[in-house]
Amino acid sequence: MTAKFGNFVAAERKVELKKVVTNAARQFRSTTAPKDMGDGFFATFASQTEAVDFAIVVLQHLPDVNKNVDRPELEIHLRVAVTFGPLTVDPVGERQGDAANLCARIEKMAEDDLVVADDGMSPKEFAQLATDRLLVSGDVRDGLSDKYRVTYVGNLAPTNTRRPLAVVAIAWPAFPP
């Protein structure tokens, strides 16, 4: 967006998204305030359920963020990922660890990254999840209640890991996988 419309327009759109993220965070016992990461946000939560519910609240508010936009290319769309695991906090407050790294990899996941499984999605089906999606790691899914509608996507084989990581899409009202 910055390359096409300039820093001012991109910053205005980011402010709108930041309002949604900040307001959503107030509804949950987030262990940290969402951290602005340039083109996205990073937050940690007390439970997998809170993280997924927070993501759904943010995604549900995207139509409000985009309703007054006169050009589709100025709309904000998100790819959200949730993982679970230990993190370390360095002296300046940065969160690091496998859970953070895997979260970033799931968020960026594309069809070419999908390790197809017999009961998972095809790359073509996965490509349809391009925007406004909520993907979680298999260990997050294992910690959730049955109130969520989930679809097994397949596996992601991140570098420097011992085994492929199961990835699951979570449905939310405007996004039925």
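Residues numbered from 1 in each chain as written. Predicted model: local features only at pLDDT ≥ 70, side-chain atom pairs only at ≥ 80, totals over all residues. Heavy atoms only, no water.

**With respect to the sheet that holds strand E6 (residues 114-115)**
Thought 1: An order of E3-E7-E9-E8-E6 is seen for the five strands of this open sheet, with the pairing classed as mixed. At either end of the open sheet lies a strand with only one pairing partner, and these are strand E3 (79-82) and E6.
Thought 2: Bridging between E3 and strand E7 (residues 133-137) involves four bridges; their strand directions are parallel. Paired with Arg79 across the bridge in E7 is Arg133.
Thought 3: This element, helix H5 (residues 98-107), spans E3, E7, strand E8 (150-156) and strand E9 (165-170) of the sheet and lies at about 150° to E3. (Pairing = 2+ DSSP bridges. Helix = DSSP H or I, 4+ residues; strand = E, 2+ residues; numbered from the N terminus. Contact = heavy atoms within 4.5 Å. Axes fitted to C-alpha atoms, helices over the stretch in contact; angles between N-to-C directions.)

**A short note on the packing of aromatic side chains**
Thought 1: Counted according to the given criterion, the structure contains two aromatic pairs.
Thought 2: For the ring pair Phe28 and Phe54, a centre distance of 6.2 Å and an interplane angle of 85° mean the geometry is edge-to-face. Residue Phe28 is located in the loop between helix H2 (7-26) and strand E1 (35-36), and its partner Phe54 is located in helix H3 (residues 48-60); the two are separated by 26 residues in the primary sequence.
Thought 3: Pairing Phe45 with Phe54 gives two aromatic rings, centres 4.9 Å apart and planes at 45°, and the pair type is tilted. Here the two residues Phe45 and Phe54 agree in accessibility, since each one is buried.
Thought 4: Of the aromatic side chains, those joined through ring pairs into one cluster are Phe28, Phe45 and Phe54.
Thought 5: Above the plane of the ring of Phe41 lies Lys14, whose end atom (NZ or CZ) is 4.8 Å from the centre. (Phe/Tyr/Trp six-rings, centres within 6.5 Å; stacked < 30°, edge-to-face > 60°. Buried < 20%, exposed > 50% of the residue type's maximum accessible area, 1.4 Å probe, protein only. Lys NZ or Arg CZ within 6 Å of the ring centre and 35° of its normal.)

**Side note on the nonpolar core**
Thought 1: One finds Val52, Phe54, Leu78, Leu134, Val136 and Ile170 to be the most contacted residues of the largest nonpolar core, which totals 29 residues.
Thought 2: Of all the secondary structure elements, the ones that give two or more residues to this core are H2, H3, helix H4 (62-66), E3, E7 and E9.
Thought 3: At eight residues, H3 tops the list of elements feeding residues into this core.
Thought 4: Residue contacts for Val136: discarding those within four places in its chain leaves Val52, Val82, Arg141, Ala166, Val167, Val168 and Ile170.
Thought 5: Formed by 15 residues, the second largest nonpolar core is a distinct cluster that contains Leu102, Met121, Val167 and Ala169. (Core = buried A, V, L, I, M, F, W, Y, C linked by side-chain atoms within 4.5 Å.)

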